[in-house]
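The chain contents come next:
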Amino acid sequence: MNRAPQPADPAPNATPAAHPDAPQGLTFVAAGEVELCVRDAGAGPAVVLLHGTTASLGVWDPVVEHLGGTVRTVAVDQRGHGRSGRPAAGYGAAAYTADVLALVRALGIGPVVVAGHSLGARNAVVLAAAHPDVVAGVVAVDYTPYVEPAVLDALETRVRGGDRTFASGTDVETYLQERYPLLPPGAVRRRRRYGYARAGTGQALRPLADPAAMVRTVDGLRRDFAAETRAVGVPVTLLRGEHSAIVSPRAFAATRALRPDFRAVELPGLDHYVPEEDPRTVADEIVRMLDRTTGRPRPRPATERNSDPCP
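Residues numbered from 1 in each chain as written. Predicted model: local features only at pLDDT ≥ 70, side-chain atom pairs only at ≥ 80, totals over all residues. Heavy atoms only, no water.

## Quick word on the overall build of the chain
Counting its secondary structure elements, the chain contains eleven helices and eleven strands. Within the chain, the proportion of its 311 residues that are buried is 55%. As displayed, the chain has an accessible area near 12,300 Å², and 54% of this comes from carbon and sulfur atoms. (Helix = DSSP H or I, 4+ residues; strand = E, 2+ residues; numbered from the N terminus. Buried < 20%, exposed > 50% of the residue type's maximum accessible area, 1.4 Å probe, protein only. Areas by Shrake-Rupley, 256 points an atom, 1.4 Å probe, with all protein chains shown as cover.)

Written as structure tokens, this is what we have:
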């Protein structure tokens, strides 16, 4: 059953309340043990969009814009993130993928293409390995097996450092621009709109992503998924930003050696946050995957690379 988002409880320990300019068009879907906040848009072959650690469904807005209305896009706040449920436990691959499986079944949209960034890419591959009846193809953006422990140590440090309050939206955007230097201004504003809200009845802003859940999520990423990657039987496209601080050249090469049949594309001039830095190319790769999985060629996005259609 779907429902529109409800006003947040203003109690001190509640989920932070929404900004006055909070995104519209979001709904909740019961998916197993959690309610997931989604934006379900368009009509046609279905694509499920999964964000990375600490992010939200809003990072996919420019990709959705490029895809247009002839693709059904279901962008998801994964558990512990954004406006979705925050269980106390269950932040490994099994729980994340169970949520997506339950969502696809609740919406009656399978088989789907799943496009995931970072954490979402891991979840997409693991789900595809276990349920090829539900996942027709995967576009895995800047996350692969063989990520080095030191990289995940650094990620945990950044995650813990993001658990703080901000006096204003301008302060949030300044912090985000420093943390993600290649993001265009529209992407920074979007992360603030989707990912931060007032804490309780005060004026301070804090992340919607649950801090304990984020630490547990990084811990879950420490379990490598090479076995699942080896087992995947559906088409997979790998995308890597040339300057990614998450997927090293060594990890990318090792994954390509593990699965030489995967389409693998390295994108010059980008770092880890590919969907926000070059949404047009990500949309194009999703369309390419839909062509392959549906057998019906679709129009390619026609806008310029690195454009950001959202204000």
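## Section: the pairing of strand E10 (residues 236-241)
Here is the key point about a regular strand: its side chains alternate between the two faces of the sheet. Here E10 lies mainly inside the structure; six of its six residues are buried. Sheet topology note: the strand E7 (residues 135-141)/E10 ladder contains four bridges and is parallel. Its bridge partner lying in E10, Val 138 is registered against Val 236. The pairing of E10 with strand E11 (residues 263-267) spans five bridges and is classified as parallel. Counted as the bridge partner of Arg 240 is Glu 266 from E11. The handedness of the E10 to E11 crossover, carried by helix H9 (residues 249-258), is right-handed. (Pairing = 2+ DSSP bridges. Right-handed = clockwise from strand over helix to strand, strands pointing away.)

## Here's the deal with the packing of helix H5 (residues 169-179) against helix H6 (residues 185-195)
Contact pair H5 / H6: the axes reach a minimum separation of 9 Å and the direction vectors enclose 125°. Compared by their axis directions, H5 and H6 come out oblique. The hand of the H5/H6 crossing is right-handed. On H6, the residues touching Gly 169, Val 172, Glu 173, Leu 176 and Gln 177 of H5 are Pro 185, Val 188, Arg 189, Arg 191 and Arg 192. (Axes fitted to C-alpha atoms, helices over the stretch in contact; angles between N-to-C directions. Parallel < 35°, antiparallel > 145°, perpendicular 65-115°, else oblique. Left-handed = near helix turned anticlockwise from the far one by under 90°. Contact = heavy atoms within 4.5 Å.)

## Here we look at the side chain of Ser 118
Within the secondary structure layout, Ser 118 lies in the loop between strand E6 (112-117) and helix H3 (119-130). Judged by relative accessible area, Ser 118 falls into the buried class, the value being 7%. Not counting residues within four places of it along the chain, the set of residues in contact with Ser 118 comprises Gly 52, Val 141, Asp 142, Tyr 143 and His 272.

## Regarding unusual backbone geometry
With omega at -5°, the peptide bond leading from Gly 110 into Pro 111 counts as cis. Considering the arrangement of structural elements, one finds Pro 111 in the loop between helix H2 (93-107) and E6. Non-glycine residue Thr 54 carries a positive phi angle of around 75°. Along the chain, the position of Thr 54 falls in the loop between strand E4 (46-50) and helix H1 (61-67). A residue is classified by how much of its surface remains accessible, and Thr 54, at 23% relative accessible area, is partly exposed. The residue Ser 118 is not glycine, and still its phi comes out positive at about 60°.

## Some details on H2
Taking 1.5 Å of rise per residue, 15 residues should cover 21 Å, and H2 covers 21 Å from first to last C-alpha, within 8% of that figure. When H2 is considered as a whole, its buried residues turn out to be Ala 93, Ala 95, Tyr 96, Thr 97, Asp 99, Val 100, Leu 101, Leu 103, Val 104 and Leu 107. Positive phi appears at Gly 108, one or two residues downstream of H2, with a value of about 65°. (Expected span 1.5 Å × (residues − 1).)

## Structural notes on the packing of aromatic side chains
One pass over the structure, following the stated rule, counts five aromatic pairs. A centroid spacing of 6.0 Å and a plane angle of 70° characterise the contact between Tyr 91 and Tyr 96, whose relative ring orientation is edge-to-face. The same class applies to Tyr 91 as to Tyr 96, namely buried. Both rings, one in Phe 166 and one in Tyr 175, keep their centres 5.2 Å apart while their planes meet at 45°; by these two values the pair is tilted. By the burial criterion, Phe 166 is buried, and Tyr 175 matches it. Through successive ring pairs, a cluster of aromatic residues spans Phe 166, Tyr 175 and Tyr 196. Just above the ring of Tyr 91 sits the side chain of Arg 79; from NZ or CZ to the centre is 5.9 Å. (Phe/Tyr/Trp six-rings, centres within 6.5 Å; stacked < 30°, edge-to-face > 60°. Lys NZ or Arg CZ within 6 Å of the ring centre and 35° of its normal.)

## Describing the pattern of salt bridges
Applying the stated criterion across every chain yields a total of 18 salt bridges. Across the pair Arg 192 and Glu 173 runs a salt bridge, and its minimum N-O distance is 3.1 Å. Residue Arg 192 is found in helix H6, and its partner Glu 173 is found in helix H5; the two are separated by 19 residues along the sequence. For Arg 192, a relative accessible area of 12% gives the class buried. Among the residues examined, Glu 173 registers a relative accessible area of 21% and is labelled partly exposed. Among the ionic pairs, Glu 228 bridges to Arg 223, the shortest N-O distance being 3.0 Å. Because the salt bridges share partners, they merge into one network encompassing Asp 153, Glu 156, Arg 160 and Arg 222. (Salt bridge = Lys/Arg side-chain N within 4 Å of Asp/Glu carboxyl O.)

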